[in-house]
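Secondary and tertiary structure notes
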Amino acid sequence: MTVSENAPVVLAGRGITKAFGATHALRGVDFEIHAGEVVALIGENGAGKSTLMKILSGVQPPTSGTIELDGEPITFADTTDAVAHGVAIVHQELNLCPNLSVVDNIFLGREIASPTGISRSQQRERAAAALARLEEPIDPNALVGDLRLGQQQLVEIARTLVEGARVLIMDEPTSALSATEVKVLFRIIRELTADGVAIVYISHHMDECLEIADTAVILRDGRHVATAPMADVDLPWIVKTMAGRDQSDLFTAITATPGEPILEIEDLVVPDPANPSRIAVDNLSLTVREGEIVAIYGLMGAGRTELLETLAGRHAAASGRILLDGKDVAHAPIGERIDAGLVLSPEDRQADGIVQLMSVGRNMSLAALRILTRNGQVRRRQEAKEVAHGIESVRIKTESPNIGITSLSGGNQQKVVIAKALMTAPRMLLMDEPTRGIDIGAKSDIFSTMAEVASTKVGILFATSELSEALGASTRLIVMARGRIVADLDPRTTTRDQVMAATGEQITATDDEAANSNHNAASDTKDEEQA
Ligand SMILES: Nc1ncnc2c1ncn2[C@@H]1O[C@H](COP(=O)(O)OP(=O)(O)OP(=O)(O)O)[C@@H](O)[C@H]1O
């Protein structure tokens, strides 16, 4: 995709600075986007991407600098004003009301009026049309709180489609989408740009940025460091420019060798928490040993999240046993499981990972309070020491452990969630999509932390939608489909195609056919994400 040289600049920021107290999120940033252009806005966690976009879409004002729309200076009073001028944003942290229906969320704050109130039929029709364009079978009357995260993300996107924006800002729009849903989104982006819509695309998935964007704009530490046509750059250049240094390999060599079994799952059956007539985990058995890092890969709806959440104690199993170091914890409450060494870093950081009203440090120590408490008192000095260690080891960019967690960038909040799980000194660490929203440098830190943790005889079971991570960061790769394990693979000798074949096996072929197709698989390309 190339944008006409003559396409006019629709939206621009000139000399944008934003200070939050002593923190400078942005320092004199210049940014512009042309009609019909896709700009990928790239930078490490905390580089200032979301802040810049919030300023350009009326969420917050700049401390200094000006915004220009069609070459004229403009001040957006708020987001409604920005939308009225054709500038809309899909937020990284989904801004939906879980207790309202899909259609009510889509039209929240800009309901279609009828002589008698709100025209519900028109709203339903337009919402259904936007959802159909996204090829997503979501009932417009369903409650948003009952939808899975990826569907909520699509509702947020449908909301902006209904707005008919000229500039559409998408902040991590694909973090919870399946590969198929990403393809649909890209088709829509192409349709929109063909109509002259300008799109700012923020993502830590560099492959997506390389595929969809015309231009790369790179921020580092709140400053604009480069703008380049995407066709002229490659992944190593992007990674180096955003980090300001050469990056080491994404994946760390895992030296741990498997020891005694820690987690033994026997014939586990779990009803789907959202729809109890459906089975989410179907008679699943799995043993994870000391030092093993087991990746669970599968398509959306395979049952990965339900499995991990049941192991952590969030849902009740219908039957089966969960043994931790030989002791059955299947009926133990969450706290007891954490005490026994079984802890989960959850997928949805906003709903399950953080307490928004608390500081960074207090969020981190939350799950470890029992081990930090002596004689009914939290050992604050020990807590501070461990928090400081956590901040350093997962590279959390924060002014201090005492500031509110919501003032951290999204990726840094995710790192807090992981640091929180690690602070409980687990025997068995469960991680659901641990790298969601995390930059490539931080990913590599998380993988080396996982390798380090495994070398201390801890077991790790992590769910991921990233095939390269499933292959590169594990010692063993489980493929799940429809609540069952359909393949148990050695990542050192497995190709991407073999994993994909295993994933599709339940839908397209019998076991024998899938096994045959594995023999024909192409060469291994597992490390293509490596910088
Ligand atoms: N409301 C706020 N109060 C204080 N500091 C803030 C606030 N919002 C953002 N910041 C700070 O501004 C900096 C830039 O954050 P921003 O969210 O723009 O980063 P980002 O590039 O979008 O990161 P990520 O990739 O992790 O989402 C961070 O250091 C963050 O802590």
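Here the structure is shown first, and the text comes after it.
This text gives an overview of the structure that appears in the document.

Reading guide: rules and limits
- Position numbers for residues start from 1 in each chain and track the written sequence from start to end.
- Note on the predicted model: pLDDT of at least 70 is required for a residue's local features to be given, and 80 or more for side-chain atom pairs to be given and counted; whole-chain, interface and lining totals, by contrast, use all residues.
- Only DSSP runs of H or I with at least four residues qualify as helices, and only runs of E with at least two residues qualify as strands; both kinds are numbered from the N terminus onward.
- Residue burial is a threshold on neighbouring C-beta atoms within 10 Å of the residue's own C-beta, all placed from the backbone, with 20 or more meaning buried, 12 or fewer meaning exposed, and counts in between meaning partly exposed.
- Only when DSSP finds a minimum of two bridges between them are two strands counted as paired.
- Fitted lines through C-alpha atoms give the axes, limited to the stretch in contact for helices. The angle between two N-to-C directions lies from 0 to 180 degrees.
- Once C-beta atoms have been placed from the backbone, residue pairs whose C-beta atoms lie within 7 Å are recorded as contacts.
- Only the C-beta atom, placed from the backbone, is used; a residue is near a molecule or strand if that atom lies within 6 Å of it.
- Polar here means any residue outside two lists: the nonpolar Ala, Val, Leu, Ile, Met, Phe, Trp, Tyr, Cys and Pro, and the charged Asp, Glu, Lys and Arg; Gly therefore counts as polar.

To continue, consider unusual backbone geometry. In this model, Asp 70 sits at a positive phi of 50°, which is unusual for a non-glycine residue. Looking at where Asp 70 falls in the secondary structure, it is placed in the loop between strand 4 (64-69) and strand 5 (72-74). A positive phi angle, close to 50°, is found at Glu 433, a residue other than glycine. Tracing the sequence through the fold places Glu 433 in the loop between strand 21 (428-432) and helix 16 (440-454). A tally of 25 C-beta atoms within 10 Å means that Glu 433 is categorised as buried.

This paragraph deals with helix 9 (residues 304-312). With nine of nine residues buried, helix 9 is to be regarded as a mostly interior element. What helix 9 keeps buried is the set Arg 304, Thr 305, Glu 306, Leu 307, Leu 308, Glu 309, Thr 310, Leu 311 and Ala 312. Remark: Gly 313 follows helix 9 within two positions and exhibits a positive phi of approximately 100°.

With mixed pairing, the six strands of this open sheet are ordered in space as 18-21-22-15-23-24. The sheet is open, and its two edges are formed by strand 18 (342-345) and strand 24 (484-489), each paired on a single side. When strand polarity is set aside, the average angle formed by the axes of neighbouring strands in this sheet is 20°. Bridging between strand 15 (residues 293-298) and strand 23 (residues 476-481) involves five bridges; their strand directions are parallel. Residue pairing for strand 23: Ala 295 is matched across the bridge by Leu 477. Across the sheet, helix 15 (residues 410-422) lies against strand 18 and strand 21, angled at about 175° from strand 18, the strand it touches most.

Around the ligand lies a shell of 19 residues, among which Phe 20, Ala 25, Ser 50, Ser 409 and Gly 411 are the nearest. Listed by contribution, the elements that provide at least two residues to the shell around the ligand are strand 2 (23-34), helix 1 (49-56) and helix 15. Within the shell around the ligand, the residues separate by chemical class into four nonpolar, 13 polar and two charged.

That's the geometry; what it means functionally is another story.
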